[in-house]
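# Structural features, examined
What follows is the residue order along each chain.
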2 protein chains.
Amino acid sequence: MNVDVQQILKNGVVVTDAALERLLPSANTLPHSIHRAMRHSTFAGGKRLRPILAMEAAKMVAGREVPGADELGAALEMVHTYSLIHDDLPALDNDDLRRGMPTCHVAFGEAIAILAGDALQTLAFQTLSQIAAQPATLIDIIREFSFAIGTGVGMDTGLPSGMIGGQVMDIEGEGQKPTAELVERIHRAKTGALITTSIVCGGILGLGDLLAQPDSSATLAASPKDVIAALRSFGENAGLAFQIVDDILDVTQSSEQLGKTAGKDTASDKATWPAVYGLEQSEKDAASYIADAFAALEPYGQSAAPLKALAQYLVERKH
Amino acid sequence: MNVDVQQILKNGVVVTDAALERLLPSANTLPHSIHRAMRHSTFAGGKRLRPILAMEAAKMVAGREVPGADELGAALEMVHTYSLIHDDLPALDNDDLRRGMPTCHVAFGEAIAILAGDALQTLAFQTLSQIAAQPATLIDIIREFSFAIGTGVGMDTGLPSGMIGGQVMDIEGEGQKPTAELVERIHRAKTGALITTSIVCGGILGLGDLLAQPDSSATLAASPKDVIAALRSFGENAGLAFQIVDDILDVTQSSEQLGKTAGKDTASDKATWPAVYGLEQSEKDAASYIADAFAALEPYGQSAAPLKALAQYLVERKH
């Protein structure tokens, strides 16, 4: 199977944006300010990587396009957007620009930005609860998802922490010399957990769809538990590679190329991979994690080709 | 049936606090700061009214103590706490004290307070997804709950807006002369929606428990749809009466009696019931909404006595 990554990415943006357009209250819905703020940050030109990974994971498992995967993707993007809105606030990273546009609090004020982030998190869970799938499938997804985006405590999934836990470690680590252990822990939690859960939740939705298909038993290459474990391993390794590449680009690319302030990590003494290992070793490590990600999907042959191609794209990108 | 409200309130605090103690990560869990901040605000002496209403609604429907109702209550209290943490932030109400204790951002800084609120919202959904009930029951609860605590758009439940929508209207209404329409809309959304959903979600959990009991058909006085509609009407009316009384107490009681700054609503030109209708009419309106709340539960006879007694307590309280 020849995979056209550009086509997957392009199509994924169209499908995700259509779902978000449908699910987010319109700009003319009262109260106006918060709905405009939610839309401002949601439709700011995101690449929709998490939704695309979720949709492809669902497809790998179910062997077909999975109904509702676009809504799962939209929920993931809502949480990604809420985390960026809150991360950009003056009390956190204090960023004025994102993708060349004013950040939410710059455009709408801090109060509305805080509440818009809150509302996007709520809308994500509301969206998940309304996907047309079996309740048991949706509860599995909500459980997995809520662990991944919280402080992450109590997880028995191998992830050291969740998204918010990662943000806290990142804030508290600033100004200290980053250690190898801390930088890996932060990366796995702050960006890795949401990327991993995108792929795992896609897999859970795909399993639900597969079981609803007649004669589906023959098409699954492994037990449901093994499929989810393989997707989780793929996600953890690809997510870490993704963040290492992000750190590398912050050092090597200009602000114009990135669409955000370059060199900011170094300036604020952030815990980054290059700060601990240097650029050369960071590039080797990214490649090595991608190889581990590929290995996890080995048993799934050609059906895993799109996910692998996406992971390859993530580490080769220049912005 | 003679209802001992004080006993219900006392027991409700014990049961809810035990569930919260179990569900919130310990103060010694890494990263420390956020878990301590979450606990600081969660265990700040709340009366646990929403959990108590949820547990009593579940009991009214199921005819017995409902397993998991304590966890539903804990989730409601997590969201109530997150909304207070964010509401107290400098960019919103800028409150330094709550129940005589430093607010979350005063004790832990703004960044951690924002993230602690975020994490409490996440933990609420995680908690709901893990209650030991049928997945279909949990999905019904999560759907209802997420509508109530969001901006509330798209609800077909008769509620004009959700909790966050109410907060936005409240912020944007400050400094303007409040109208009767606006104050009712804000109250129904900002406090009414969470109180109503506490009672409705309790009812949904109770229905799930009832259906799991052998020979349960004889014990339900009406169709499941009618029971939920009655509880919703009770909640909407009692919630509005509760907020009107809150407004009255802000005018008539001292800061010491309230444990928070009295007269603050008037000072900041907040949309309150007395500001629109005066104190005397406000008292009459509170009594009238309580009468409507009682009427909604009329068909349920003695099994509704605890909920009615709680509503009566809510309007007779002095702080």
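Provided above is the structure to which this section pertains.
The structure contained in this document is the topic of the report that follows.

Reading the values: rules and limits
Residues numbered from 1 in each chain as written. Chains lettered and ligands numbered in written order. Predicted model: local features only at pLDDT ≥ 70, side-chain atom pairs only at ≥ 80, totals over all residues. Heavy atoms only, no water. Helix = DSSP H or I, 4+ residues; strand = E, 2+ residues; numbered from the N terminus. Rg over C-alpha atoms; globule rule 2.2 N^0.38 Å. Contact = heavy atoms within 4.5 Å. Areas by Shrake-Rupley, 256 points an atom, 1.4 Å probe, with all protein chains shown as cover. Lys, Arg positive; Asp, Glu negative; His and termini not counted. Charge placed at Lys NZ, Arg CZ, Asp CG, Glu CD. Axes fitted to C-alpha atoms, helices over the stretch in contact; angles between N-to-C directions. Parallel < 35°, antiparallel > 145°, perpendicular 65-115°, else oblique. Left-handed = near helix turned anticlockwise from the far one by under 90°. Nonpolar A, V, L, I, M, F, W, Y, C, P; charged D, E, K, R; others polar. 1 Å grid on protein atoms, 1.4 Å probe; cavity = no way out; pocket = protein on both sides within 12 Å on 5 of 7 lines; lining within 4 Å. Points joined across faces, edges and corners; volume = space filled by probe spheres on them. Least-squares fit on C-alpha atoms with pLDDT ≥ 70 in both.

### Remarks on the overall build of chain A
Across its full length, chain A holds 14 helices and 2 strands. Its C-alpha radius of gyration of 19 Å places chain A within 12% of the 20 Å reference for a compact globule of 319 residues. Nonlocal contacts in chain A, meaning residues at least 24 apart in sequence, comprise 72% of its contacts between residues at least 6 apart. For chain A, the accessible area works out to roughly 12,100 Å², and carbon and sulfur atoms hold 52% of it. In chain A, the 25 positive side-chain charges and the 39 negative ones have mean positions that sit 3 Å from each other.

### Some thoughts on the packing of helix H10 (residues 224–252) of chain A against helix H13 (residues 273–296) of chain A
The geometry of a pair of packed helices is captured by two quantities: the angle between their axes and the separation between those axes. Residues and elements named next belong to chain A. Interhelical geometry of H10 versus H13 gives an angle of 150° and a closest axis separation of 8 Å. If you check the angle between H10 and H13, you find them roughly antiparallel. When the axes of H10 and H13 are compared, the crossing they make is left-handed. Looking at the contact of H10 with H13 residue by residue, the class counts come to 17 nonpolar, 4 polar and 4 charged.

### Description of empty space enclosed by the protein
Unfilled space is identified by rolling a water-sized probe across the atoms. All names here are of chain A. Evaluation of the coordinates by the stated rule reveals 4 cavities of 30 Å³ or more. If you add up the space inside the largest cavity, you get close to 160 Å³. Around the largest cavity, the lining is made up of 18 residues, and of these Ser41, Ala44, Leu84, Arg98 and Arg99 lie nearest the centre. At the level of elements, helix H2 (32–42), helix H4 (69–88) and strand E2 (101–102) are the ones that each hand at least two residues to the lining of the largest cavity. No other element matches the 6 residues that H4 contributes to the lining of the largest cavity. Considered class by class, the residues forming the lining of the largest cavity number 6 nonpolar, 7 polar and 5 charged.

### Describing the relation of the copies chain B and chain A
Superposition record for chain B on chain A: RMSD 0.0 Å, screw rotation 180°, translation along axis 0.0 Å. In symmetry terms, the pair is related by a two-fold rotation axis. Within chain B, proline 135 of chain B has its C-alpha nearest the rotation axis, a separation of 2.6 Å. Taken as a fraction of all interface residues of chain B, those also at the interface in chain A reach 100%, which identifies the copy contact as same-surface.

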